[in-house]
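Examining the three-dimensional arrangement
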Amino acid sequence: MAIETELKLRIAPEHLARLRAHSFWHAHALTVPRTRQLFNQYFDTPDLALHHAAMALRLRRNGEQWLQTLKGGGAIEAGLHQRNEWEIAVAGAALDFSAHAEVDWDSLLPQALREKLRPVFIADFMRSSFMLNFMGAQIEVCMDEGWIYTDARRHAICEVELELKSGAAQALFELALALLDIVPLSIEVVNKAEYGFRLLDDNFVESASLCQPAKLNAQQDVAAQLQNLMWACLLHLQKNLRGIDGTQSLLFLVQVQLALRRLNVLLRVIVKRSNDSIWRELQTQLVLLRGDALDQRALQRVMLKIASAMSATPSFSLVAQRKLPRALRLYCA
């Protein structure tokens with residue numbers, strides 16, 4: 001089993017073309033770009049048991065090779081996707097659960113469940129990918145364009161994936177900031193499989209997301225608790241930024257403003273407890289945005305800067321380790 005760590009970025013087709021041709025890559029690329037078509041068929045049971053268990057099973061054709069991949073578990077923090085991944089090469093366009101030394105299929109997918117699996121949707125896209133070195137990290141850059149589709153519906157794919165192969169996760173956020181200086185883009189919190197499952201739901205309408213309670217542990221120090229609260233607020237903000245240009249934009253905008261207020265409260269607490277001036281700078285930038293939350297490019301920049309600062313090692317240079325006020329924990333939960 002491997003743990004996949006990647007940052008997904010949503011981008012318009014015209015901006016992707018510009019980014020692909022930009023000279024920025026020349027100073028960092030370790031390999032030349034490779035372009036290929038990736039055909040992916042996803043499988044699940046009629047009642048979508050895998051999807052409800054936060055898992056996804058696919059067959060991918062990459063040139064002449066077929067790969068069977070199961071993804072599951074993990075988490076999303078500030079747009080950073082981390083998931084468990086089990087992958088094997090198979091002979092062709094059919095699932096293969098025979099014995100493989102590297103994957104125990106019987107424990108991951110019981111026989112009774114495997115017998116119910118059927119194709120549910122397809123993701124078919126062109127991928128241009130290459131490796132680069134950035135801030136001492138090895139990162140695979142993938143630029144994807146194509147479609148996810150069922151028999152009745154389809155959804156366009158246009159995104160950049162930054163997958164960490166080695167090094168610190170902070171490099172992913174810093175690279176995204178560098179790309180944001182070139183073209184408009186935004187953090188993508190929905191993966192391709194989730195888009196496919198949305199297509200299967202005749203009644204699906206994206207709705208404004210409420211802030212999910214942060215997972216606070218009384219045994220954690222104050223820095224870790226502040227991080228958990230900050231990750232929860234960032235995810236709340238990112239989920240709702242997606243909808244502020246739609247027909248229900250007011251509902252999303254209310255949640256965006258709430259997330260911004262919560263982030264400001266957290267940053268004020270961090271500023272009082274930290275020796276690092278970056279937090280005061282970020283709080284100032286966030287306050288300037290609160291009156292103009294629709295400036296998405298500027299807001300994406302601040303979110304990426306916050307995520308980068310939290311990913312740094314050490315993550316927080318806090319001078320006061322007092323217990324977080326109960327009111328703060330309730331307000332941000």
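Residues numbered from 1 in each chain as written. Predicted model: local features only at pLDDT ≥ 70, side-chain atom pairs only at ≥ 80, totals over all residues. Heavy atoms only, no water.

1. Topic: the overall build of the chain
Just so we agree on the cut-off: What counts as a helix is a DSSP run of H or I of at least four residues, what counts as a strand is a run of E of at least two, and both are numbered from the N terminus. Pairs of residues are marked as contacts when any of their non-hydrogen atoms sit within 4.5 Å.
A count of helical and extended segments in the chain gives 11 helices and 9 strands. When contacts within the chain are restricted to residue pairs at least 6 apart in sequence, those whose partners lie at least 24 apart make up 68%.

2. Some points on the layout of surface pockets
For clarity, the threshold we go by: Note on definitions: the grid is 1 Å and covers protein atoms alone; a cavity is a set of points where a 1.4 Å probe fits but cannot get out; a pocket is an open set with protein on both sides within 12 Å along at least five of seven lines; lining residues have an atom within 4 Å of a point. Grid points are joined across faces, edges and corners, and a volume is the space filled by probe spheres set on the points. Residues are sorted three ways: Asp, Glu, Lys and Arg are charged, Ala, Val, Leu, Ile, Met, Phe, Trp, Tyr, Cys and Pro are nonpolar, and all the rest, Gly among them, are polar.
Taken as a whole, the second largest pocket holds about 600 Å³ of empty space. Looking at the lining of the second largest pocket residue by residue, the classes come out as 10 nonpolar, 6 polar and 17 charged.

3. Topic: the packing of helix H9 (residues 278-289) against helix H10 (residues 296-311)
Helix packing for two helices is described by the angle between their axes and how far apart those axes are. How we decide: Axis lines are fitted to C-alpha atoms, over the contacting stretch for helices. Their N-to-C directions set the angle, which ranges from 0 to 180 degrees. In these notes the angle categories are as follows: under 35 degrees is roughly parallel, over 145 is roughly antiparallel, 65 to 115 is roughly perpendicular, and the rest is oblique. For any helix crossing, the convention is left-handed if the near helix is rotated counterclockwise from the far helix by under a right angle, and right-handed if that rotation is clockwise.
Across the interface, H9 lies against H10 with an axial gap of 10 Å and an inter-helix angle of 155°. By the angle class used here, H9 and H10 are roughly antiparallel. Relative to H10, H9 is oriented so that their crossing is left-handed. Contacts from Trp279, Leu282, Gln285, Leu286 and Leu289 of H9 reach H10 at Ala298, Leu299, Val302, Lys305, Ile306, Ala309 and Met310. In terms of residue class, the contact of H9 with H10 is built from 10 nonpolar, 1 polar and 1 charged.

4. Let's talk about the nonpolar core
Across soluble globular proteins, you tend to see nonpolar side chains buried next to one another. Threshold: Only buried residues count toward a nonpolar core. Its members are Ala, Val, Leu, Ile, Met, Phe, Trp, Tyr and Cys residues joined through side-chain atoms within 4.5 Å. Partly exposed describes any residue whose relative accessible area lies between the buried limit of under 20% and the exposed limit of over 50%, with all areas from a 1.4 Å probe on protein chains only and scaled to the type maximum.
Membership of the largest hydrophobic core comes to 83 residues, with the highest contact counts inside it found for Ile139, Val141, Leu162 and Leu179. Per element, the largest residue contribution to this core is 11 residues, and it comes from helix H7 (residues 222-241). In this view, Ile139 contacts Phe130, Met131, Leu132, Phe134, Leu162, Glu163, Leu164, Ala171, Leu172 and Leu175; residues no more than four positions away in its chain are not counted. Grouped together as the second largest cluster of nonpolar side chains are 17 residues, Phe43, Leu50, Val90 and Val103 included.

5. Some thoughts on the confidence of the model for the chain
Heads up, the condition is: The predictor attaches a confidence to each residue, called pLDDT, with possible values from 0 through 100.
Averaged over all residues, the pLDDT of the chain is 87; the fraction at 70 or higher stands at 86%. At the level of individual helices and strands, the chain shows its lowest average pLDDT in helix H11 (residues 326-332), which scores 58, and its highest in strand E7 (residues 137-149), which scores 97.

6. Describing H9
We count it as follows: Any helix carries an expected span of 1.5 Å times its number of residues minus one. Note: the arc covers the axis-to-C-beta directions of the helix.
Helix length check: H9 (12 residues) gives 17 Å between terminal C-alpha atoms against 16 Å at 1.5 Å per residue, within 8%. Residues Trp279, Leu282, Gln283, Leu286 and Leu289 constitute the buried set of H9. The arc that holds every buried residue of H9, seen down its axis, measures 120°, which confines them to one face. Exposed and oriented more than 90 degrees from the buried face of H9 are Arg280 and Leu288. Buried positions along H9 lie against helix H8 (249-273) and H10.

7. Quick look at the pattern of salt bridges
This is how it is decided: Whenever a carboxyl oxygen of Asp or Glu lies within 4 Å of a side-chain nitrogen of Lys or Arg, that contact is scored as a salt bridge.
Applying the stated criterion across every chain yields a total of 20 salt bridges. Across the salt bridge formed by Glu4 and Lys71, the nearest N and O atoms sit 3.0 Å from each other. Taken together, the residues Glu4 in strand E1 (residues 2-10) and Lys71 in strand E4 (residues 65-77) connect sequence positions 67 residues apart. An identical accessibility class is assigned to Glu4 and Lys71; each is buried. We note a salt bridge from Arg153 to Asp202, for which the minimum N-O separation is 2.9 Å. Of this pair, Arg153 sits in the loop between E7 and strand E8 (154-166) while Asp202 sits in the loop between helix H6 (192-200) and H7, placing them 49 residues apart in sequence. Overall, the relative accessible area of 32% leaves Arg153 in the partly exposed class. Its relative accessible area of 57% is what places Asp202 among the exposed residues.

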